[in-house]
Amino acid sequence: MKGLFQKDLYMAMKYCRVNIILILVFAAGSVIGENMFMLFYPLVMAGVVPISLISYDEKSKWNVYAGVFPYTQRELVSVKYIIALMFLAFGSIVIAAALMLNMILSGNIDWKSYGMLLAVLPTVGLLSPCILLPAVFKLGVEKGRTIYYGVIIIVAALLGILGFMGDNTGLGFAGNLSSAGLWLIPLMLLVDIALLALSWEMSVRFYGSKEE
């Protein structure tokens, strides 16, 4: 498992640098504008990193060679989810730091809304990998390309729509959510865990059926 992780991490650092740069650029933009799209789109870019890795695996015929190594199907699938979670954590930390800097510079410090927004970040970030990974493991990157682009367009459009809601700012959006009650935070956490667990298990099953 360690070898699989090192392989994918090396590939991510080599082939997915653009994703990392975009995360930093959009986070820097959110310091100035605090736009909803600026805040959440980096998580979309972070979430599609494992899809890019699967694409490179297919091009290099890694799926064929992987059978000679003592790795289980669950390990081959799980490493992609671990990479996704790692990049999502990186994106969330960068966005959280950028938003805090925005609050300090603007003098608009609202810890309740800030906490609510941090709770929303994982939910938004998990949408792309949790929907895309099972589809790609079932159909392959080439056949799943329509779903791939469809999800990206839908998520991007959703973020764009949210960006025009309210005062067009992340904290304003989070403030509207927090008015409903802090009970939303544990609820979103449970949704995240359930979504991740379901997607993970589906990917393992689909990978196995594809191999058969």
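For the structure, see preceding data.
Residues numbered from 1 in each chain as written. Predicted model: local features only at pLDDT ≥ 70, side-chain atom pairs only at ≥ 80, totals over all residues. Heavy atoms only, no water.

(A) Focus on the overall build of the protein. Along its length, the protein carries ten helices and zero strands. Ordered by position from the N terminus, the helices and strands of the protein form the series α-α-α-α-α-α-α-α-α-α. Expressed as a percentage of its 212 residues, the buried residues of the protein come to 48%. When contacts within the protein are restricted to residue pairs at least 6 apart in sequence, those whose partners lie at least 24 apart make up 84%. For the protein, the accessible area works out to roughly 10600 Å², and carbon and sulfur atoms hold 71% of it. (Helix = DSSP H or I, 4+ residues; strand = E, 2+ residues; numbered from the N terminus. Buried < 20%, exposed > 50% of the residue type's maximum accessible area, 1.4 Å probe, protein only. Contact = heavy atoms within 4.5 Å. Areas by Shrake-Rupley, 256 points an atom, 1.4 Å probe, with all protein chains shown as cover.)

(B) Representation of the packing of aromatic side chains. All chains considered together, the criterion is met by three aromatic pairs. Summarising the aromatic geometry, the rings of Y15 and Y56 are spaced 4.3 Å apart at their centres and angled 25° between planes, so their arrangement reads as stacked. Taken together, the residues Y15 in helix α1 (residues 2-15) and Y56 in helix α4 (residues 49-59) connect sequence positions 41 residues apart. For Y56, a relative accessible area of 29% puts it in the partly exposed group. Judged by centre distance (5.8 Å) and plane angle (75°), the ring pair of F137 and Y207 falls under edge-to-face. Of this pair, F137 sits in helix α7 (residues 111-143) while Y207 sits in helix α10 (residues 184-211); the two residues are 70 residues apart in sequence, bridging distant segments of the chain. By the burial criterion, F137 is buried, and Y207 matches it. Over the aromatic face of W62 sits the side chain of K7, whose NZ or CZ is 4.9 Å from the ring centroid. (Phe/Tyr/Trp six-rings, centres within 6.5 Å; stacked < 30°, edge-to-face > 60°. Lys NZ or Arg CZ within 6 Å of the ring centre and 35° of its normal.)

(C) Fine view of the side chain of K80. Mapped onto the elements, K80 comes out in helix α6 (residues 73-106). Note on K80: relative accessible area 4%, which makes it buried. At 3.0 Å, the side chain of K80 and the side chain of D8 are in polar contact. K80 has contacts with K7, D8, P50, L53, I54, D57 and F137, leaving out every residue within four places of it along the chain. (Polar contact = N/O pair within 3.5 Å; in protein donor to acceptor, adjacent residues only side chain to side chain.)

(D) Geometry of the environment of A28. By secondary structure assignment, the location of A28 is in helix α2 (residues 17-33). In this structure, the C-alpha to C-alpha distance between A28 and L101, residues 73 residues apart in sequence, is 9.8 Å.

(E) Structural detail: the packing of α6 against α7. Remark: α6 packs on α7, axes separated minimally by 10 Å, with the N-to-C direction vectors making an angle of 155°. By the angle between their axes, α6 is roughly antiparallel relative to α7. By crossing handedness, the relation of α6 to α7 is classed as right-handed. Looking at side-chain class alone, the contact of α6 with α7 contains 21 nonpolar, two polar and one charged residues. (Axes fitted to C-alpha atoms, helices over the stretch in contact; angles between N-to-C directions. Parallel < 35°, antiparallel > 145°, perpendicular 65-115°, else oblique. Left-handed = near helix turned anticlockwise from the far one by under 90°. Nonpolar A, V, L, I, M, F, W, Y, C, P; charged D, E, K, R; others polar.)

(F) Highlighting a nonpolar patch on the surface. Together, V64, Y65, V68 and F69 give the surface a local cluster of nonpolar side chains, amounting to about 440 Å² of exposed area. Positionally, F69 belongs in the loop between α5 (62-65) and α6. (Patch = residues over 30% accessible without salt bridge, like charges linked within 9 Å, V, L, I, M, F, W, Y side chains within 5 Å. Salt bridge = Lys/Arg side-chain N within 4 Å of Asp/Glu carboxyl O.)

(G) Expanded view of the nonpolar core. F40, V49, L53 and F87 are the most contacted members of the largest nonpolar core, which has 51 residues in total. Taken together, the elements giving at least two residues each to this core come down to α1, α2, α3 (36-47), α4, α6, α7, α8 (145-163) and α10. No other element matches the 14 residues that α7 contributes to this core. Residues in contact with V49, not counting those within four places in the same chain, are A12, C16, N19, I83 and F87. (Core = buried A, V, L, I, M, F, W, Y, C linked by side-chain atoms within 4.5 Å.)

(H) Broad picture of the pattern of salt bridges. As enumerated under the stated definition, the model contains six salt bridges in all. For K80, the salt bridge goes to D8, with nearest N and O atoms at 3.0 Å. Separated by 72 residues along the polypeptide, K80 in helix α6 and D8 in helix α1 bring together distant segments of the chain. Here K80 and D8 have matching classes, each one buried. With its nearest N and O atoms 3.0 Å apart, the salt bridge here joins D57 to K80. With D57 in helix α4 and K80 in helix α6, this residue pair connects regions lying 23 residues apart in the sequence. The burial state of D57 is the same as that of K80; both residues are buried. Overlapping salt bridges bring together K7, D8, D57 and K80 as one network.

Note that all results are geometric; they support no functional claim without further evidence.
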